[in-house]
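The residues making up each chain are set out below.
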Amino acid sequence: MIARMKRVWRAAGLDEGPILVGVALCSLLLWGFFVLAADASAGAHLPLETRILRSLRTAADPGVGIGPAWLPEAARDMTALGSTAVLTLLVGVVLAWLMFRRRYEIAGFVFAATGSGALLSVALKFLIGRERPTVVPHLMAENSLSFPSGHSMGSFVVYFTLAAVLARMVERRREKLFFLGLAAMLSFLIGLSRIYLGVHYPSDVLGGWAAGTVWAGLWAMTLWWLERRRAHKKT
């Protein structure tokens, strides 16, 4: 049966290696997300996370972040790159460009991946229902639920999806890795800014990264699979 499945897989023009690695990685991250979600609901690591948040504030005034005077403003600027408004605007611009170039299938992929990711983030927040941290004053206004971090998850889904689209348009491996690495770096910095601003626990950000990676990875593997299958049919 296994040999027959391999023949069917290869008959579709696919190399099982990348897909199997991707599925294994997504499974590991999905398990990590469920562990984080369970711990967040139970408050398992609340003392440790409280110490982390307080360590990012000055001893004299918990309403003042550590570091130079410009750092809080820089953190707010960085966190804006993961906001709903900025991500929606960015996706809208990319969709308009793809439609202008008549790349309708890719535009549909971007819309489906990012739109479903946004809906999933909202659903997970309401399902888990964790409140924002109150151990330190927030350095910016936030009133939604906390786990997972929507900025961390949304930024990874959007930037990684766009990076996957850009990566397929270039030939050299280092250029593909550049786009993917840039997406990961932006999401990483956005997540750190959420912790520094005191609007998320560290586990919220880790959960957002895990969920965003799984969701974007599944969509990227779907795109890769469809393109390989289409190429195989042409031959």
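Preceding this paragraph is the structure being described.
First, a word on scope: everything that follows refers to the structure included in this document. Starting from 1, residues in each chain are numbered consecutively following that chain's sequence as written. Reporting in this predicted model follows two pLDDT cut-offs: at least 70 for local features of residues, and 80 or more for side-chain atom pairs to be given and counted; totals over whole chains, interfaces and linings ignore these cut-offs and use all residues. Hydrogen atoms and water are omitted, and side-chain values are computed over all heavy atoms in the structure.

### Examining the side chain of aspartate 204
Here's step 1: With respect to the element layout, aspartate 204 can be found in helix H9 (residues 202-234).
Here's step 2: Note on aspartate 204: relative accessible area 0%, which makes it buried.
Here's step 3: A distance of 2.8 Å separates the side chain of aspartate 204 from the side chain of arginine 130, its partner in a polar contact. Secondary structure elements are taken from DSSP: a helix is a run of H or I of four residues or more, a strand is a run of E of two residues or more, and numbering for both begins at the N terminus. Buried means the residue's accessible area, taken with a 1.4 Å probe over protein chains only, is under 20% of the maximum for its type, while exposed means over 50%, and partly exposed covers the values in between. Each polar contact in these results corresponds to two N or O atoms within 3.5 Å; when the atoms are within protein, one needs to be able to donate a hydrogen and the other to accept it, and residues that are neighboring in sequence are counted only if both atoms are side-chain atoms.

### Some thoughts on a nonpolar patch on the surface
Here's step 1: Patch construction takes residues with relative accessible area above 30% that form no salt bridge. Like charges are linked within 9 Å, and nonpolar side chains (Val, Leu, Ile, Met, Phe, Trp, Tyr) are linked within 5 Å. What sets the accessible areas is the Shrake-Rupley method with a 1.4 Å probe; for residues, cover comes only from the shown protein chains. Each salt bridge in this description consists of a side-chain nitrogen of Lys or Arg and a carboxyl oxygen of Asp or Glu lying within 4 Å of one another. A surface patch of nonpolar side chains, about 530 Å² in accessible area, is lined by Phe178, Leu182, Met185, Phe188, Leu189 and Leu192.
Here's step 2: In this fold, leucine 192 is placed in helix H8 (residues 173-196).
Here's step 3: A relative accessible area of 38% places leucine 192 in the partly exposed class.

### Some thoughts on the nonpolar core
Soluble, globular proteins show a tendency: their nonpolar side chains are buried together.
Here's step 1: Judged by nonpolar contacts, the single largest core of 18 residues is most densely connected at Leu98, Ile106, Val110 and Tyr159.
Here's step 2: Broken down by secondary-structure element, the contributors of at least two residues to this core are helix H5 (84-100), helix H6 (104-128), helix H7 (150-167) and H8.
Here's step 3: Here a residue-residue contact requires only that any non-hydrogen atoms of the pair lie within 4.5 Å. Excluding residues that lie within four positions of it along the chain, valine 110 makes contacts with Val91, Leu95, Leu98, Gly115, Thr161, Leu162 and Val165.
Here's step 4: Grouping buried Ala, Val, Leu, Ile, Met, Phe, Trp, Tyr and Cys residues that are joined through side-chain atoms within 4.5 Å yields what is termed a nonpolar core. With 12 residues, the next largest nonpolar core counts Leu53, Leu56, Val199 and Trp209 among its residues.

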